[in-house]
Amino acid sequence: MPNTAENCPVINERVDDLPLLLAQLKEMRVPELLNEAFPTHGNWRGLSLGHVVTVWLTFILSESNHRLSHLRPWAAGRLQTLRVALGVEVVETDFTDDRLAQALEYLSANEKWQHFEDPLNRHLLRIYDLTGGTVRLDSTTAQSYGEVSVDGLLRFGHSKDHRPDLPQIKISVSTLDPLGLPLTATIVSGDKADDPLYVPEIERVRATLQRRGLLYVGDSKMAALATRVHLAAGGDSYLCPLPATQIPAAHLAEVVAPVVSGAIKAQAIKRRNDETGRWEKIAQGYEYPVTIEADHDGQRVQDGERRLVVCSLAWAKAQKKGLAQRVKKAAVEITRLNQKKQGKVRPKTVEAWQTTVAQKLHKYRVVGLLDVTYREDQQMRAVRAYKERPATVRVVPTWQVEVTINRTALAQAQAVRGWRVYATNAPQAQVSLTQAVLAYRGSPVIERGFRRLKGPLSLTPLYLTTTARLTGLVRVLLIGLRVLGLIEYKARRALAVRDEQLAGLTKGLPKKATARPTTETLLRAFEGLTLSYLGGQWYLTPLNALQTRILDLLDFSSEIYHRLIPRFLETQMKMSET
């Protein structure tokens, strides 16, 4: 039967953000570098490992779904788009769940992964001119509904997702400012402590960046003396808050006392408000020098350290308010113990009263802030006659509790609210007190990456259980996290250079403009683009003005969409020949 318009099938493919994501991954050289670092077995047939992972990443980023079995039907409905965008032959069977599981096992090889990750990082730093000197270190957990195995990664531990009832894995990540670009990651079992993960991660960063003199920023778990000495001995700097084990409450009160008494005038720390353009005081503090000393690689190492005593004004206000509320609630709850009600059991001895009151003080964390006194009363209780026993009156001792707020202790406790001591070995000329505070306050950058891992990249809940596949999956998603960060960075940088804003990203508010769009909203702007085959010809939904402008900001030509139409390609070729 001749191929006429009447008997030609009608095909519709959702294009959406696929060409944009594939173009970004190609610009990052992800397919090429994966193929170079992970040579496959001779039995591997069809689409290369690099292209399989690239398509899977596109699916994850576009659909927020990492399920292996869901990729094949998704790809089957987009074969024309994938063939043209990748420039290679693509068939549905390239994306079976067995093939994806095999790809994850390839990516789990640590040495080969480093052969991929190191050139990827250096390529991204070069082409995007990322010269930031601040590296952030932190870890997160990802829970699973799988079963705990003796030699696997899924273990019970302290859950950062507040799900201690589920087994989990732990991921230690390093990122580079200003965009929070992931550099390295270590995947360990969910029962591991955070402290031992910092030094290996630091060594991986040094190997991949091949640079020293960086500033490493972390939380109080990075403040272990061995970690700080390791950084200093290697020619790098650190910035981290010191935990209560190193700066107990009594010591904190000592270093804050000079500011409270007026002996030391605290330096105001200001930050410019992006919305109003005004400079606002956000903190105050001062610094003093100390010398740290510890053994490192068999040698005794000494290094000068700056202790930054800083009070966050907003945090201090919230803490003072919270402490006052806790004191008030504790006083009210202890006083209510005096009430006599039917069915209410009251302590009968002074020891029982003291135990009950102590529990209340610990509950509200106000030990030492309330003065509690106990008063013994005599209560006359009538005893009815029973058989030969006559009626009598018995004296029963009872206790009453009186509570007063210790104003002096409360004032001392309020004085240290919002204060914290930070440690850094960076010279003041390199990192001033203000710069140190602002650098540490940039920590939400890495936390935002963790939220993206568990949100748009669908890390949790985990459906895989074997160590190799869990490791491979996390590594795939970390490539996706780089994609999200770089798209956002490129768009914001272009808008800043042009001193422009982008409108039309918010549904229902077409005139609302922003100079800091997110990758998620940029990708959402391409929803609805469809490639259709009708009457023997291909048709594509025309790009609107917003979509064209986004492509321009990302330095991509609209041809990445137009070339999906074979007729468009033929016309372009004829024009180039003439």
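Everything below is about the structure shown above.
Within each chain, residues carry numbers counting from 1 in the order of the written sequence. Only residues with pLDDT of at least 70 are given local features in this predicted model, and only at 80 or more are side-chain atom pairs given and counted; all residues enter the totals for whole chains, interfaces and linings. With hydrogens and water excluded, all non-hydrogen atoms of the structure serve as input to the side-chain values.

Observations concerning the packing of aromatic side chains
Next up, step 1: For Phe, Tyr and Trp, rings pair up if their centres lie within 6.5 Å, where Trp contributes its six-membered ring, and each pair is then called stacked (planes under 30 degrees apart), edge-to-face (over 60) or tilted (otherwise). Applying the stated criterion across every chain, the model contains 7 aromatic pairs.
Next up, step 2: With centroids separated by 5.9 Å and ring planes inclined at 70 degrees, the aromatic side chains of Trp44 and Tyr106 adopt a geometry described as edge-to-face. Linking Trp44 in the loop between helix 2 (30–37) and helix 3 (49–63) with Tyr106 in helix 6 (residues 97–107), this pair joins segments that are 62 residues apart in sequence. Both residues of the pair, Trp44 and Tyr106, belong to the buried class.
Next up, step 3: A ring pair is formed by Trp113 and Phe116, whose centres lie 5.0 Å apart and whose planes are at 50 degrees; its orientation type is tilted. On the criterion of helical spacing, the pair formed by Trp113 and Phe116 is a turn pair, its members being 3 residues apart in helix 7 (residues 110–127). By the criteria applied, helices consist of DSSP H or I runs no shorter than four residues and strands consist of E runs no shorter than two, each listed in order from the N terminus. Each residue gets one of three labels from its accessible area relative to the maximum for its type: buried under 20%, exposed over 50%, partly exposed in between, using a 1.4 Å probe on protein chains only.

Overview of the pairing of strand 6 (residues 237–241)
Next up, step 1: Of all 5 residues that make up strand 6, 5 are buried, and the element is covered over most of its length.
Next up, step 2: Because side chains alternate across strand 6, one face comprises the buried residues Ser237, Leu239 and Pro241, and the other comprises Tyr238 and Cys240, equally buried.
Next up, step 3: When strand 5 (residues 215–217) meets strand 6, the two strands line up parallel, connected through 3 bridges. Within strand 6, the residue paired with Tyr216 across the bridge is Tyr238.
Next up, step 4: Should DSSP find at least two bridges between two strands, the strands are taken to pair. Note: strand 6 against strand 12 (residues 419–424), 3 bridges, orientation antiparallel. Across the sheet, the residue bridging to Leu239 is Thr424, located in strand 12.

Remarks on the sheet that holds strand 8 (residues 279–296)
Next up, step 1: Strand order in the open sheet formed by 9 strands is 4-3-2-5-6-12-9-8-7, with mixed pairing between adjacent strands. Only two strands of the sheet have a single neighbouring strand rather than two, namely strand 4 (181–189) and strand 7 (267–272). Within the sheet, the average angular offset between the axes of one strand and its neighbour, ignoring direction, is 30 degrees. Here, axes are lines fitted to C-alpha atoms. For helices the fit covers the stretch in contact, and angles between N-to-C directions go from 0 to 180 degrees.

A word on the sheet that holds strand 15 (residues 530–534)
Next up, step 1: Here 3 strands make up an open sheet; going across it, the order is 1-15-16 and the pairing antiparallel. At either end of the open sheet lies a strand with only one pairing partner, and these are strand 1 (11–14) and strand 16 (537–540). Geometrically, the sheet is characterised by an average inter-axis angle of 15 degrees between neighbouring strands, direction not taken into account.
Next up, step 2: By the bridge criterion, 4 bridges tie strand 1 to strand 15 in an arrangement that is antiparallel. Residue Ile11 lies in a different strand from strand 15, and its bridge partner there is Tyr533.
Next up, step 3: When checking whether two residues touch, look at their non-hydrogen atoms; a contact exists if any pair is within 4.5 Å. In this fold helix 5 (residues 79–86) packs onto strand 1, strand 15 and strand 16, with an angle of close to 60 degrees to the strand it touches most, strand 1.

Some thoughts on the side chain of Thr460
Next up, step 1: Counting through the fold element by element, Thr460 comes out in the loop between helix 15 (444–454) and helix 16 (467–498).
Next up, step 2: By relative accessible area, Thr460 is classed as buried at 18%.
Next up, step 3: Once residues within four sequence positions are removed from consideration, Thr460 is found in contact with Ala142, Gln143 and Lys454.

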